[in-house]
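One letter stands for each residue in the lines below.
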Amino acid sequence: MSTTTADDHHDEHHPSGMMRWITTTNHKDIGTLYLWFSFIMFFIGGFMALIIRTELFQPGMQFVDPQFFNSMTTMHAIIMIFGVVMPAFTGLANWLIPMMIGGTDMALPRMNNWSFWILPFAFTMMLSTLFMDGGGPAGGWTLYPPLSLQTGDALPFVIFAIHFMGMSSIMGAINVVATILNMRAPGMTLMRMPLFVWTWLITAYLLIAVMPVLAGGVTMLLTDKFFETSFFNAAGGGDPVLFQHIFWFFGHPEVYILILPSFGVVSSIIPTFARKPLFGYSSMVYATASIAFLSFIVWAHHMFTVGMPLAGQLFFMFATMLIAVPTGVKVFNWISTMWRGSMTFETPMLFSIAFIILFTIGGFSGLMLAITPADYQYHDTYFVVAHFHYVLVPGSIFAIIAAVYYWLPKWTGHMYNEFWGKTHFWLSTIFVNVTFFPMHFVGLAGMPRRIPDYALQFSDYNQIATIGAFGFGFAQLIFLWLVIATIRGGAKATDRVWEGAEGLEWTLTSPPPYHSFTTPPNVEAELGLASHK
Amino acid sequence: MKQKYLIRSASSLLGFMVITSQNVWADIQPYNMTEGVSDISNQVFGLHMLIFYICCVIGVLVFGAMAISIYRDRKSKGVTAAKFHESTSLEFLWTAVPFIILIGISIPSAKVLIAMEDTSGAEMTVKVTGYQWMWRYEYVDSDIDFYSILKTPRDEIYNKAEKNENYLLEVDNELVLPTNRKIRILLTSSDVLHAWWVPALALKKDAIPGYINQMWTVIDEPGVYRGQCAELCGRDHGFMPVVVRALPPEEYDQWVLDQEKKNMASSSKVNDKKVVEVTDSQVALNN
Ligand code: HEM
Ligand SMILES: [Cu+2]
Ligand SMILES: [Cu+2]
């Protein structure tokens, strides 16, 4: 560490080696742990995806048993959602929020340690179910009963794992809220916070609101299975559809938990490389808030086919369509930020531009899915698979990758290799489309999702998708190598790193001191604001 | 073959954004939603294309603006960045215009949805029950009742025999239905969730234990229409297809008569057996 800040003597006290990481309460260390955890889970979840795509390369059963196939789709989804995207965002929040708001650390550092260290146990427990009697969970990540109640020994372990993941997320979210509301430097008013901080604040409230709902739902599954309750058992007076309402009351806000922080990331990166302030800052904040509000009243668009009353279907159709409005506002604002800027196209910018385009395509298919009569045809087909992969892979995942390229020089003090960054970008972008675009077509042509084998007319496009998936997977190895290489060395990064970068984190050294701002920065001066404004 | 994939995928990619030549359309037809063979399925297809075209137009505008900006506003061209960062009128405009477009879409969508939900005035009723992993069809107005199971041989699934053209979409007993009659379909399940789906009729609904869902259709053209279970139902979810054979009304009526005759024959056999059983037990009692 080359810093000469007043608190250097703190650094001498931490334990070294493994104990440093196990006992750390430092926001940067914990951020690093979250990000590495997420990265490892990304490869595990990706490996499962490749098993799925390998089986689907050709019609006929070639490699795996259908039951194992189902447990792969189930585990892949749970890992990617709870093990990759959510921890990656929490890792970014840990690293960035204190630096962005001019604070020292997170508000609740010990809880921070705990909320991370729960995760490896939760996921070890979940992965271990693959070796249990009856195999892993195979009822889909949505865990619909009665099917999920047919799970073998794995069920209680999966449910406990979900409880742990939920506790971890809730603690992480409370920490984010406490940090943002209490740790801001003087002058960092709410409406001066970077959008990443804003989107995370709103995401944190969503998490606190819906994770307990999921926990309640899966606990009812548990008691249905082991304690003879009948919440979801029709024969005992219960209702299988009730679970779906509970699940999606969590599930739809959850999909926004998976995307809102990406909006924040992209809203930081685009202005930097366009060298122009973010267009419509306050409408971005309001749009995020209205998306969050609407996300609580659209859940049943995932269950149009369960046989809801007409009025219910109409309500959920209209409410869902409404979400397109604030989402559109965001896209328009990003493009207006680029408009008449002075752009350069470093790797983070490339990933952000791809994010805007491909996320918008996912938004289009979302709008199509919102049209209830058409959703009767799309529902539970590969069209839905295409939709959510477009919003999640070139959406959430690309934003996370963009964030890593953007802030890695700040975190490590080294520049990454731009050539390999761009190679990674082009390979990822090409292959993500080769993988997921054809899924729109097979879905429309009638291929249901979650099937291990399919009719002959779907062969061509499935083959293309499988090739794309392998290409995408291998492209991520470049990323892994590049991140490691950058941590180990490389050209020295300046403090500001990017010519157009604005924000408090860039006023710190690269890498930043262990405790971010031990004396509050002069926010107005650093951000170039006149203090009387 | 390879070339064909390439051409097809490239043209489909193009087709999604730029709707131009007749050729492109001819190529991606089979990969679009089916127009189907009922009035409702045609309307659903219409909605699907309407919203698709609207998305295309918005896409061309949005991505077009972006492309212009990416092409023009480059630092390497020596441009300096403008300073503007808000515009109330613009922001109002792009909140209001999408809102109006959405209202425009929601009206026809609501109309189709209302029509889809109107099961009144049905001329016949079939009850469909999902099982792991087959369907049961009960004709409520006559006593026809049978199970329908995947017919594809295991050897085809496990690549020991060549796959036939209806691979995985063929069953032992097809659901026979008349054309030009309003048919009500009731749905339930005996175990886990299933969903009964025939794309050509735009019919898809979940089969749920403890629930009876309903939907309706009028089939316009005779033919064989294939679909699949569309809700994960366990190990063999991918192996429980739905096959509907639509017959002209007269042929259908004849089919019903034939089935009932067959039933009579077999059920009278069953009755005979029962009688025998009864007499046996009576004999036993008498002794
Ligand atoms: C314009 C905004 C969006 C709209 C109108 C929309 C609409 C929908 C609808 C109606 C479905 C249900 C489709 C069906 O099962 O028949 C769906 C599924 C899904 N959406 Fe979206 N969506 C939007 C954005 C997003 C975003 C931002 C994400 C996450 C990053 C997302 C993730 C998902 C997922 C994961 C599913 C599938 C869940 C499952 O069944 O496993 N969507 N979306
Ligand atoms: Cu949703
Ligand atoms: Cu099924």
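Residues numbered from 1 in each chain as written. Chains lettered and ligands numbered in written order. Predicted model: local features only at pLDDT ≥ 70, side-chain atom pairs only at ≥ 80, totals over all residues. Heavy atoms only, no water.

Concerning the pairing of strand β3 (residues 145-148) of chain B
All names here are of chain B.
Phase 1 of the analysis: Only one face of β3 is covered, namely the face carrying F146 and S148; the face carrying D145 and Y147 is uncovered.
Phase 2 of the analysis: Where strand β2 (residues 134-139) meets β3, 4 bridges bridge the pair, whose relative direction is antiparallel. When the bridges of β3 are listed, R136 appears paired with Y147.
Phase 3 of the analysis: In textbook terms, the turn of a hairpin is the stretch between consecutive antiparallel strands, and for β2 and β3 this stretch comprises 5 residues. (Buried < 20%, exposed > 50% of the residue type's maximum accessible area, 1.4 Å probe, protein only. Helix = DSSP H or I, 4+ residues; strand = E, 2+ residues; numbered from the N terminus. Pairing = 2+ DSSP bridges.)

Remarks on the domain arrangement of chain B
Residues and elements named next belong to chain B.
Phase 1 of the analysis: One can read the domain layout of chain B as domain 1 (33-117) and domain 2 (124-286).
Phase 2 of the analysis: Averaged C-alpha coordinates put domain 1 and domain 2 at centres separated by 42 Å.
Phase 3 of the analysis: Each partner contributes to the interface: domain 1 provides 11 residues, whereas domain 2 provides 12 residues.
Phase 4 of the analysis: Each partner contributes to the roughly 810 Å² buried at the junction of domain 1 and domain 2, and carbon and sulfur atoms together form 57% of this total.
Phase 5 of the analysis: Linking domain 1 with domain 2 are 1 salt bridge. (Domains from an automatic or database assignment. Contact = heavy atoms within 4.5 Å. Buried area = accessible area lost by both parts, 1.4 Å probe. Salt bridge = Lys/Arg side-chain N within 4 Å of Asp/Glu carboxyl O.)

Structural notes on the site of ligand 1
All names here are of chain A.
Phase 1 of the analysis: Near ligand 1, the surroundings consist of 22 residues, among which W141, D375, H379, H387 and R449 are the closest.
Phase 2 of the analysis: Between ligand 1 and W141 there is a distance of 2.8 Å, counted from an oxygen atom to a side-chain nitrogen or oxygen.
Phase 3 of the analysis: Within the side chain of R449, a nitrogen or oxygen atom sits 2.8 Å from an oxygen atom of ligand 1.
Phase 4 of the analysis: Contributing elements (two or more residues each) for the shell around ligand 1: α8 (240-257), α12 (347-370) and α14 (382-412). (Near = heavy atom within 4 Å. Polar contact = N/O pair within 3.5 Å; in protein donor to acceptor, adjacent residues only side chain to side chain.)

Looking at the sheet that holds β2(B)
All names here are of chain B.
Phase 1 of the analysis: If you walk across this open sheet you meet the 5 strands as β3-β2-β1-β5-β8, and the pairing is mixed. Among the strands making up the open sheet, the edge pair consists of β3 and β8 (213-218). Pairs of neighbouring strands in the sheet enclose a mean axial angle of 25°, with direction left out of account.
Phase 2 of the analysis: Two strands pair when backbone bridges link them, and strand β5 (residues 182-189) and β8 are joined in this way by 6 bridges, in the antiparallel orientation. Paired with L187 across the bridge in β8 is N213. (Axes fitted to C-alpha atoms, helices over the stretch in contact; angles between N-to-C directions.)

Side note on the environment of S168(A)
All names here are of chain A.
Phase 1 of the analysis: Tracing the chain through its elements places S168 in helix α6 (residues 154-182).
Phase 2 of the analysis: When its relative accessible area of 4% is taken as the criterion, S168 is described as buried.
Phase 3 of the analysis: Sequence separation of S168 and W114 is 54 residues, and the distance between their C-alpha atoms is 7.8 Å.
Phase 4 of the analysis: In terms of polar contacts, S168 uses its side chain to reach the backbone carbonyl oxygen of S115, at 2.8 Å.

Examining unusual backbone geometry
A negative phi holds for most residues other than glycine; trans holds for most peptide bonds.
Phase 1 of the analysis: Looking along the chain, the bond that leaves S510(A) and enters P511(A) is cis, with omega of -10°.
Phase 2 of the analysis: For P511(A), the location among the structural elements is in the loop between α16 (459-488) and α17 (523-526).
Phase 3 of the analysis: The backbone of L168(B) sits at a positive phi, close to 70°, despite the residue not being glycine.
Phase 4 of the analysis: Within the secondary structure layout, L168(B) lies in the loop between α5 (154-157) and β4 (175-178).

A short note on the coordination of the copper ion (ligand 2)
All names here are of chain A.
Phase 1 of the analysis: Within the first shell, the copper ion (ligand 2) binds the protein through H252 (ND1), H301 (NE2) and H302 (NE2), at distances of 1.8 to 2.0 Å.
Phase 2 of the analysis: Read in sequence order, the donor residues for the copper ion (ligand 2) give the motif H-x48-H-H.
Phase 3 of the analysis: The distance between the copper ion (ligand 2) and the iron atom of ligand 1 comes to 4.6 Å. Of the two residues, H252 is situated in helix α8 and H301 in the loop between α10 (281-294) and α11 (310-338); the sequence distance between them amounts to 49 residues.
Phase 4 of the analysis: For H252, a relative accessible area of 5% gives the class buried. (Donors = N, O, S within 2.8 Å, 3.2 Å for Na, K, Ca; no water.)

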